[in-house]
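Understanding the architecture of this molecule
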Amino acid sequence: MKSILQQPIWRFYDQSISAKQRSPLESFATDDTLCQLVGQLSSPPTIRTWVHDASVVLGIQDHRLPYVQQGMDLLKERGYDPIVRNSGGLAVVLDEGVLNISIVLSEQAEALSINDGYDVMVALVKGLFPEVSDQIEAYEIVGSYCPGSYDLSIAGKKFAGISQRRLRQGVAVQIYLCIEGSGSERAALIRDFYEESLKGEETKFTYPNIVPDVMASLSELIDASLTVEAVVIRLQQLLHNMAEEIRAESFHDEELTQYAFYLQRVLERNKKMLEPKL
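Topic: the state of the cysteines
Going through the model one piece at a time under the given rule, you end up with 0 disulfides. Of all cysteine sulfurs, the one in C146 lies closest to C35, which takes part in no disulfide; the gap is 18 Å. Left without a disulfide partner, C178 is nearest to the cysteine sulfur of C146, which lies 11 Å away.

Structural notes on the packing of helix 4 (residues 68-77) against helix 6 (residues 183-198)
Two elements in contact, helix 4 and helix 6, have axes separated by 7 Å at closest approach and are oriented at 145°. Regarding helix 4 and helix 6, the two cross each other, and that crossing is right-handed. Facing V68, Q70, G71, M72, L74 and L75 of helix 4, the residues of helix 6 in contact are L189, D192, F193, E196 and S197. Looking at the contact of helix 4 with helix 6 residue by residue, the class counts come to 6 nonpolar, 3 polar and 2 charged.

A short note on the sheet that holds strand 2 (residues 46-50)
In spatial order, the strands read 7-8-9-10-6-2-1-11; together these 8 strands make up an open sheet with mixed pairing. Two strands in the sheet have a free side with no partner beyond their single neighbour: strand 7 (136-138) and strand 11 (243-248). Neighbour to neighbour, the strand axes of the sheet diverge by 20° on average, direction disregarded. As paired strands, strand 8 (residues 152-154) and strand 9 (residues 157-167) are joined by 3 bridges and run antiparallel to one another. Along strand 9, the bridge assignment pairs S153 with K158. Against the sheet, helix 5 (residues 114-128) makes contact with strand 2, strand 6 (98-106), strand 7, strand 8, strand 9 and strand 10 (170-178), and its axis sits at roughly 135° relative to strand 9, the strand it touches most.

Digging into the pattern of salt bridges
Counted under the stated rule, the structure contains 13 salt bridges. For R247, the salt bridge identified is with E245, shortest N-O distance 3.0 Å. Overlapping salt bridges bring together R11, E249 and E255 as one network.

Quick look at the sheet that holds strand 5 (residues 92-94)
Ordered by their spatial adjacency, 3 strands build an open sheet running 4-3-5, and the pairing between neighbours is mixed. In the strand order of this sheet, the two ends are held by strand 4 (81-84) and strand 5, each with one partner. Put simply, the sheet's adjacent strands are angled 25° from each other on average, direction ignored. Here 4 bridges tie strand 3 (residues 55-58) to strand 4, and the two strands are oriented parallel to one another. Bridge pairing in strand 4 links V56 to P82.

A few points about the packing of aromatic side chains
Describing an aromatic ring pair means giving the distance of the ring centres and the angle of the ring planes. All chains considered together, the criterion is met by 9 aromatic pairs. An angle of 20° between the planes, with centres 4.5 Å apart, marks the rings of Y118 and Y150 as stacked. Note that Y118 is positioned in helix 5 and Y150 in the loop between strand 7 and strand 8, a separation of 32 residues in sequence. Of the two residues, Y118 and Y150, neither departs from the other in class, the shared state being buried. Between F205 and Y207, the ring centres sit 4.8 Å apart and the planes meet at 65°, which makes this aromatic pair edge-to-face. According to the relative accessible area criterion, F205 is partly exposed, its value standing at 30%. Directly above the aromatic system of Y67 lies the positively charged group of K199, at a separation of 5.7 Å from the ring centroid.

Considerations on the pairing of strand 9
In terms of burial, strand 9 is a largely internal element, 8 of the 11 residues being buried. Between the end of strand 8 and the start of strand 9, which pair antiparallel, lie 2 residues, with A155 showing a positive phi angle near 55°. Where strand 9 lies against strand 10, 8 bridges are found, and the strand directions are antiparallel. Across the sheet, residue A160 finds its bridge partner in strand 10, namely L177. Here strand 9 folds back onto strand 10 in antiparallel fashion, the turn holding 2 residues, of which R168 has a positive phi close to 50°.

Considering the layout of surface pockets
The calculated volume of the second largest pocket comes to roughly 270 Å³. Lining the second largest pocket are I4, Q7, L41, P45, L105, S106, Q108, A109, E110, A111, L112 and D116.

Describing the environment of S55
Here S55 shows up in strand 3. Given a relative accessible area of 4%, S55 falls into the buried group. Considered as a pair, S55 and L41 are 14 residues apart in the sequence and their alpha carbons are 33 Å apart. When neighbours within four sequence positions are excluded, S55 is seen to be in contact with P24, Y80, D81, V92, V93 and L94. Here D53 takes part through its backbone oxygen, which lies 2.9 Å from a polar atom of the side chain of S55.

Cut-offs applied
Residues numbered from 1 in each chain as written. Predicted model: local features only at pLDDT ≥ 70, side-chain atom pairs only at ≥ 80, totals over all residues. Heavy atoms only, no water. Disulfide = S-S within 2.5 Å. Axes fitted to C-alpha atoms, helices over the stretch in contact; angles between N-to-C directions. Helix = DSSP H or I, 4+ residues; strand = E, 2+ residues; numbered from the N terminus. Left-handed = near helix turned anticlockwise from the far one by under 90°. Contact = heavy atoms within 4.5 Å. Nonpolar A, V, L, I, M, F, W, Y, C, P; charged D, E, K, R; others polar. Pairing = 2+ DSSP bridges. Salt bridge = Lys/Arg side-chain N within 4 Å of Asp/Glu carboxyl O. Phe/Tyr/Trp six-rings, centres within 6.5 Å; stacked < 30°, edge-to-face > 60°. Buried < 20%, exposed > 50% of the residue type's maximum accessible area, 1.4 Å probe, protein only. Lys NZ or Arg CZ within 6 Å of the ring centre and 35° of its normal. 1 Å grid on protein atoms, 1.4 Å probe; cavity = no way out; pocket = protein on both sides within 12 Å on 5 of 7 lines; lining within 4 Å. Points joined across faces, edges and corners; volume = space filled by probe spheres on them. Polar contact = N/O pair within 3.5 Å; in protein donor to acceptor, adjacent residues only side chain to side chain.

See below:
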């Protein structure tokens, strides 16, 4: 997968500070926009970093929980803003200690399988943390929130989850990396959300039975002094080894028009999802 990470040009869009006060919905619209731009070769392959203040991003299945309104009320009481995302997966926690990275690639020249997309991100994460690269494993961590076959863990403790978004021949591979803070506290929040939203009812879909101790942050697993800012710097250094040219660019004027379209779409969809069920 290193060959895919080696590109003549990487565009780097850093929103690890600028997106904090904004809704994660803006990030999903940004990645949709980048999918189209990169997919249609209007932009070079792009790596984007993003951090948001206390939010819980729910999946479509979470929205179908029998008492989801009460669950969302619990999240709000604890200071977290619930939103519903437009891609698969289940509830995840975002806060200032969680760094999200998106790798956006085009399928114009060559198709990228689902597993290839995941493998590219695993290679990037191993490159970011060379001191533990041989300890990082990708398999489902039972008891974690949003479990999947590409959960990343060290010694059985999950610190990251990967998802993908595909649009207009563009692929956005997205990861959340728990860098700072307590992984088990984040997991306990999601456990409480499910308990409140299920109230013991049987459902057709099986929601995860969360065991907080199976989750940890990288500062807990590797080095207590590790910060989101330090990892963004590591990423910038890694990018210089992966490309002949780095273009640190936010959206240009003409790209902002496309972004406004996708943002409107994401906001309308989320509003519809969050309307109380009658």
